[in-house]
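The primary structure of each chain is shown beneath.
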Amino acid sequence: MTTALLTHPDGFDHDTPPGHPEQVARLDAVLGALETMDLLRIKAPLAAEADLLRVHPKSYLDDLRADTPEHGRRQIDADTWLSPGSLGAAWRAAGAAIRAVDLVLTGEAANAFCAMRPPGHHAERETAMGFCLLGNVPAAAKHALDHHGLSRVAIIDFDVHHGNGTQDLVEDDPRILFCSTHEMPLYPGTGDPSDTGPHGTVVNVALPAGTDGPGLLAVLEDKVFPRVAAHRPELILVSAGFDAHRADPLAGLMLEAADFAAITARICDLAETFCAGRVVSALEGGYDLGALADCAAAHVSILEERGR
């Protein structure tokens, strides 16, 4: 058994304006940090339309296609852009998460990390926003349930921003537990702890600016991990945003790379208890390139260690 790394050169073709935080260099930083690791390297496929239709209506997918420019860039919200290569990148980012579920659930890999861009956890059912176009992790969760026949999955999102898109796409499905830890107040302004979803399967944990790694881990141990244990997931998916690092320019939490390793280890502990170690992780945020590289390496090194 081993850890699968899913990526594709198309991830470099999503072109954002100079100075945009969600830049091509992010993927270079992550892949460079993982270059020497002993991983099962898989080219991310394009997501099948049927898989995307589990989380987005056809009208939204058609709008993305229609809005994609033949040349240059097109701005579709305050933070989010389309370029000629954006749809290929986005479809492969979702395809990576879906294929990773297949690899892990069939035993071809012990766990998996998807190194793709654009990220996905802000993409709502019919709205692209916050750098995100498609709900990558929700599509993977629905695939695990509907294609592989699982009964329960859990999504843990430790990005510094609330995963409003993921919540929008999964909160109506009681088979999916969604847990988000995020700085508040901060973009996108959602994720109040009182918001638990229509089935009580949403756990939103708001963190004040300045929270450090031990503080976040304590909150996870108190408010998130017991809920995951009670849900008894057959698969754990992770929205792995590394923008809670102290160096990140877009937020104010104070984590170090070692803190992401500690959090990953505890997630793996839960997975080993409830779902034979099955973890699928997908890259979300992280906008200081050096910190992003260090955190991705710390995260994947724990997955690789547990996947042996």
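Everything that follows concerns the structure shown earlier in this document.
Each value, and the rule that gives it
- Note on numbering: residues in each chain are counted from 1, in written sequence order.
- The predicted nature of this model means local features are confined to residues of pLDDT at least 70 and side-chain atom pairs, given and counted, to a pLDDT of 80 or more, with totals for whole chains, interfaces and linings taken over all residues.
- The side-chain numbers reported here are obtained from all heavy atoms of the structure, hydrogens and water having been left aside.
- Secondary structure elements follow DSSP: runs of H or I no shorter than four residues count as helices, runs of E no shorter than two count as strands, and numbering proceeds from the N terminus.
- Both definitions apply: the radius of gyration is a C-alpha atom measure, and the globule rule equals 2.2 Å times residues to the power 0.38.
- Relative accessibility under 20% of the residue-type maximum defines a buried residue, over 50% an exposed one, and the middle range a partly exposed one, all with a 1.4 Å probe and only protein chains included.
- Any two residues whose heavy atoms approach within 4.5 Å at even a single point are treated as in contact.
- Only the protein chains shown count as cover for residues, with accessible areas throughout obtained via the Shrake-Rupley method and a probe of 1.4 Å.
- His is not counted, nor are the chain ends; Lys and Arg add positive charge and Asp and Glu add negative charge.
- Taken as the charge centre is NZ of Lys, CZ of Arg, CG of Asp or CD of Glu, depending on the residue.
- By the convention used here, strands pair only if DSSP detects at least 2 bridges between them.
- Buriedness for pockets is judged along seven lines, at least five of which must meet protein on both sides within 12 Å for an open set on the 1 Å grid over protein atoms alone, while cavities are sets there where a 1.4 Å probe fits but cannot get out, and lining residues have an atom within 4 Å of a point.
- Grid points are joined across faces, edges and corners, and a volume is the space filled by probe spheres set on the points.
- Note on residue categories: nonpolar means Ala, Val, Leu, Ile, Met, Phe, Trp, Tyr, Cys or Pro, charged means Asp, Glu, Lys or Arg, and polar means any other residue, Gly included.
- Put simply, a nonpolar core is a bunch of buried Ala, Val, Leu, Ile, Met, Phe, Trp, Tyr and Cys residues held in one set by side-chain atoms that sit within 4.5 Å of each other.

Caption draft 1: A look at the overall build of the protein. What the protein contains, in helices and strands, is nine helices and 10 strands. Here the C-alpha radius of gyration of the protein, 17 Å, is about what a compact globule of 308 residues would show, namely 19 Å. Taking the principal axes of its C-alpha atoms as reference, the protein extends roughly 50 × 45 × 40 Å. With 308 residues in all, the protein has 58% of them scored as buried. Within the protein, contacts between residues at least 6 apart in sequence are counted, and of these 76% link residues at least 24 apart. Summed over all atoms, the accessible surface of the protein reaches about 10,800 Å², with 51% contributed by carbon and sulfur. Treating the 23 positive side-chain charges of the protein as one cloud and the 44 negative ones as another, the clouds have centres 6 Å apart.

Caption draft 2: Quick look at the pairing of strand β8 (residues 202–207). Buried residues dominate β8, accounting for five of its six residues. Sheet topology places strand β7 (residues 176–183) next to β8; six bridges connect them, and they run parallel. Counterpart to F178 in the pairing with β8 is V202.

Caption draft 3: Highlighting empty space enclosed by the protein. Evaluation of the coordinates by the stated rule reveals two cavities of 30 Å³ or more. In this structure, the largest cavity encloses a volume near 40 Å³. In this structure, the largest cavity is lined by A93, C114, M116, P118, N136, A282 and L283. Grouping the amino acids of the lining of the largest cavity by side-chain chemistry returns six nonpolar, one polar and no charged. Its volume calculated, the second largest cavity comes out at about 30 Å³. Together, H14, T16, H20, E22, D79, T80, W81 and F131 line the second largest cavity. When its residues are assigned to classes, the lining of the second largest cavity shows two nonpolar, four polar and two charged.

Caption draft 4: Here's a closer look at the layout of surface pockets. The space that makes up the largest pocket amounts to roughly 160 Å³. Looking at the largest pocket, it is lined by 16 residues, and the ones nearest its centre are H122, F131, H161, Y187 and L250. Of the residues assigned to the lining of the largest pocket, the class counts are seven nonpolar, five polar and four charged.

Caption draft 5: Structural context of unusual backbone geometry. Geometrically, the link from M184 to P185 is a cis peptide bond, its omega value of 5 degrees lying close to zero. Turning to its location among the elements, P185 is positioned in the loop between β7 and β8. Backbone torsion omega between Y187 and P188 reads 5 degrees, so that peptide bond is classified as cis. Mapped onto the elements, P188 comes out in the loop between β7 and β8. A positive phi is found at F131, a non-glycine position, where the angle reads about 80 degrees. The topology assignment puts F131 in the loop between β5 (111–114) and α5 (136–146). The exposure class assigned to F131 is buried, which follows from its relative accessible area of 11%.

Caption draft 6: Broad picture of the nonpolar core. Membership of the largest hydrophobic core comes to 50 residues, with the highest contact counts inside it found for F113, V228, I236 and F242. Non-local contacts of I236, meaning those with residues more than four positions away in its chain, are made with A154, I156, V228, I267, L270, A271, C275, R278, V279 and V280.

Caption draft 7: Quick peek at the side chain of Q167. Relative to the assigned elements, Q167 resides in helix α6 (residues 164–170). Residue class for Q167 comes out buried when judged on its relative accessible area of 5%. Beyond its immediate stretch of four places on either side in the chain, Q167 contacts H162, F178, D195, V202 and N204.

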